[in-house]
Amino acid sequence: MAKQPSYSFSKLETDEKCPFAYKKIYIERIPRAETEPLVIGKMLHELAAQYLDRLIGAKLQTDWAWAEQLTPKEAPDDVFEIWPRFFNSFILPPMESPGVELKLAFDRRWKPTGYFSDDAFFRMVVDWTYRQGELVVVQDWKSNRVIPETVEINLQLRIYGWGVREATFPTAQEILLRLHFLRYGADREVILLPDELATVPDELDKRIAEIESRKNFEPTPGSFCGWCGVMAHCPVMAQAIVPVNILYPTTREDAVKAATLLLAIQTMDTELKNNLKRYVKENGPVPVGDVVYGPKVSISYELDPKEITDYLLNDAGLENDQAWGLLNLTKTNLERGLKKLRRKDLIPKVLELAPSKPTESIQFCKVK
Ligand code: SF4
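Every chain is numbered on its own, with residues counted from 1 as its sequence reads. Note on the predicted model: pLDDT of at least 70 is required for a residue's local features to be given, and 80 or more for side-chain atom pairs to be given and counted; whole-chain, interface and lining totals, by contrast, use all residues. The basis for the side-chain values is all heavy atoms of the structure; hydrogens and waters are excluded.

### Quick look at the overall build of the protein
Each helix and strand counted, the protein has 15 helices and nine strands in total. Here the C-alpha coordinates of the protein stretch approximately 75 × 60 × 45 Å along the principal axes. Contacts between residues were defined by any pair of non-hydrogen atoms, one from each residue, lying within 4.5 Å. Look at the contacts in the protein between residues 6 or more apart in sequence, and 61% of them connect residues 24 or more apart. To measure how exposed things are, a 1.4 Å probe is used in the Shrake-Rupley method; for residues, cover is taken only from the protein chains shown. Carbon and sulfur atoms make up 55% of the accessible area of the protein, which amounts to about 24100 Å² in all. Helix and strand labels come from DSSP, where a helix needs a run of H or I of at least four residues and a strand needs a run of E of at least two; each type is numbered from the N terminus.

### Structural notes on the pattern of salt bridges
Basic side-chain nitrogens of Lys or Arg form a salt bridge, by our definition, when they fall within 4 Å of a carboxyl oxygen of Asp or Glu. What the rule picks out here adds up to 20 salt bridges. Between lysine 23 and glutamate 28 there is a salt bridge, with its nearest N and O atoms 3.5 Å apart. Only protein chains enter the accessibility calculation, which uses a 1.4 Å probe; a residue whose area is less than 20% of its type maximum is buried, one above 50% is exposed, and one in between is partly exposed. Lysine 23 sits in the partly exposed class, given a relative accessible area of 26%. The class of glutamate 28 is partly exposed, set by a relative accessible area of 35%. When the shortest N-O distance is used, the salt bridge between lysine 331 and glutamate 335 registers 3.1 Å. With lysine 331 and glutamate 335 both in helix 14 (residues 331–340), this residue pair falls four residues apart, about one helical turn. Residue classification places lysine 331 among the partly exposed positions, given a relative accessible area of 49%. One network of salt bridges, with partners in common, ties together Asp15, Arg207, Glu210 and Arg214.

### Quick word on the pairing of strand 2 (residues 96–106)
As paired elements, strand 2 and strand 4 (residues 122–132) share eight bridges and run antiparallel to each other. Residue pairing for strand 4: leucine 102 is matched across the bridge by valine 126. Only strands joined by at least two bridges in the DSSP assignment are considered to pair. Both strand 2 and strand 3 (residues 112–113) contribute to a ladder of two bridges, which runs antiparallel. Of the residues in strand 3, the one forming a bridge with phenylalanine 106 is proline 112. Hairpin connection of strand 2 to strand 3: five residues between the antiparallel strands, including tryptophan 110 at a positive phi of 65 degrees.

### Description of the pairing of strand 6 (residues 175–181)
Taken across its seven residues, strand 6 has seven buried, putting it largely inside the fold. Here strand 6 shows a buried face lined by Ile175, Leu177, Leu179 and Phe181 and a second buried face lined by Leu176, Arg178 and His180. Looking at chain direction, strand 5 (residues 135–142) and strand 6 are connected through seven bridges and run parallel. Note that in strand 6 the partner of tryptophan 141 across the bridge is histidine 180. By the bridge criterion, seven bridges tie strand 6 to strand 7 (residues 186–192) in an arrangement that is antiparallel. When the sheet's bridge partners are listed, isoleucine 175 is paired in strand 7 with leucine 192.

### Some points on unusual backbone geometry
Excluding glycine, most residues fall at negative phi; most peptide bonds, likewise, are trans. Not every positive phi belongs to a glycine, and lysine 59 is a case in point at roughly 50 degrees. Topologically, lysine 59 is positioned in the loop between helix 3 (36–58) and helix 4 (64–70). With relative accessibility at 74%, the residue lysine 59 sits in the exposed group. Notably, tryptophan 110 is not glycine yet its phi reads approximately 65 degrees, a positive angle. Turning to its location among the elements, tryptophan 110 is positioned in the loop between strand 2 and strand 3. By relative accessible area, tryptophan 110 is classed as buried at 7%.

### Things to note about the site of the ligand
The environment of the ligand is formed by Cys18, Phe20, Ala21, Pro219, Thr220, Pro221, Phe224, Cys225, Cys228, Met231, Cys234 and Met237. The nonpolar class holds Ala, Val, Leu, Ile, Met, Phe, Trp, Tyr, Cys and Pro. Asp, Glu, Lys and Arg form the charged class, and all remaining residues, Gly among them, are polar. When the residues that make up the shell around the ligand are grouped by side-chain class, the tally is 11 nonpolar, one polar and no charged. The criterion for a residue being near a molecule or strand is simple. One of its heavy atoms has to lie within 4 Å of it.

### A short note on the domain arrangement of the protein
The split of the chain into domains comes from an automatic or database domain assignment. For the protein, the assigned domains read domain 1 (7–212), domain 2 (242–293) and domain 3 (305–347). The centre of domain 1, based on its C-alpha atoms, is set 32 Å off from the matching centre of domain 2.

### Describing the nonpolar core
Working definition of a nonpolar core: buried Ala, Val, Leu, Ile, Met, Phe, Trp, Tyr and Cys residues. They are joined through side-chain atoms within 4.5 Å. Among the nonpolar cores identified, the biggest contains 46 residues, and Tyr7, Trp110, Phe122, Met124, Ile159, Leu177 and Leu204 are the most heavily contacted of them. A total of six residues in this core trace back to one element, the largest contributor, which is helix 6 (residues 155–167). Core analysis: the next-biggest nonpolar cluster, separate from the first, contains 26 residues, Leu44, Leu55, Val79 and Val100 among them.

### Quick notes on a nonpolar patch on the surface
Like charges within 9 Å and nonpolar side chains (Val, Leu, Ile, Met, Phe, Trp, Tyr) within 5 Å are joined into patches, using only residues over 30% in relative accessible area that form no salt bridge. Taken together, the side chains of Leu262, Leu263 and Phe364 make up a nonpolar region of the molecular surface, amounting to roughly 260 Å² of accessible area. Within the secondary structure, phenylalanine 364 is located in the segment after helix 15 (346–352). We classify phenylalanine 364 as partly exposed; its relative accessible area is 37%.

### Considerations on helix 11 (residues 252–283)
Multiplying 1.5 Å by the helix residue count minus one yields the expected span of that helix. Along its 32 residues, helix 11 runs 44 Å from first to last C-alpha, staying within 8% of the 46 Å computed at 1.5 Å per residue. Within helix 11, the full set of buried residues consists of Asp254, Ala258 and Val280. Phi turns positive, to about 95 degrees, at glycine 284, one or two residues after helix 11.

### Re the packing of aromatic side chains
Stacked, tilted and edge-to-face are the three classes assigned to paired rings of Phe, Tyr and Trp, where Trp is represented by its six-membered ring and a pair needs centres within 6.5 Å; plane angles under 30 degrees give stacked, over 60 edge-to-face, the rest tilted. Tallied over the full model, the rule gives 18 aromatic pairs. Ring plane angle 45 degrees and centroid distance 5.2 Å describe the contact between tyrosine 22 and tyrosine 26, whose orientation is recorded as tilted. Here tyrosine 22 pairs with tyrosine 26, and both are found in helix 2 (residues 19–27), just four residues apart, close to one helical turn. Both residues of the pair, tyrosine 22 and tyrosine 26, belong to the buried class. When the centroid spacing of 5.7 Å and the interplanar angle of 65 degrees are considered together, the rings of tryptophan 110 and phenylalanine 121 count as edge-to-face. With tryptophan 110 in the loop between strand 2 and strand 3 and phenylalanine 121 in the loop between strand 3 and strand 4, this residue pair connects regions lying 11 residues apart in the sequence. The two residues tryptophan 110 and phenylalanine 121 agree in class, both being buried.

Right under this line is the structure:
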């Protein structure tokens, strides 16, 4: 007997963002290339889950030394930057009934079932959930570059809230959904009420019926292109950018062509941005699929380390190592600061105080 199809939010999202990508990944079962955003997200989720398991198991609020040794030897640069920022500022809150990377599944009638059961029709993995008295918290790690001002209570969040309530905390009245943006250590929260969860099974039935009756699988370029992992098979991208053999080189000749192209792209990048910015200033934002290239306002803060540590230690009552751990001192900042003070002579001595380790990145460098 043919295996029943099963669904997940990422399957629904793929179909919504680009039906062509859905067809390639889930119908033709073409293996997805590991795009850098996918690798970064996956590694950070795994690190956070292992660290949480450690803290919960050992009944600790922090364990920076343990987290430090968990740092992978090889990873994209973003992981080396984001991971220490996360564990240096994370403090495990008091909680009951925690679940880390909680695997939940539902059958066709939307009743909880085993994640690996034959009747599992819809599956989800919840990053972290726990109870604090009457409140149930569902936390999702995000590795996105953009943090929304407010959280839109969309289907994905309601699926998580509904799933956790149905399978784990059936009497929960309110669910706090917290998105933690790992890149910036920032949270966005929203409360999910029973009314907002009641329609989830009907909405899922409707979306799944749409997918199962779909005949047209057009590529729809947009923000999802960086994540889809099937760009090499995409007719739109092949025409728009580069032949597949250069995008995914397997011979030295193609690799040289790919490196030459990368060099050209890096040079063109600034030029392209400057010209496009000029165009946007004169003519307004430029939409591409579900994204738009246009002005974005952000707020920057000139944080004074002395003032902030004084406040955290004396007024907010944090311990010395907690407060100092929040200040992210980088070699570049230090060098810049000491050069400004005309005390470059102190740089080698200060660097000697810190443990150092070599990291490798692949990039263009001068031939020696
Ligand atoms: S590259 Fe973009 S348009 Fe092409 S399959 Fe992927 S998501 Fe769809």
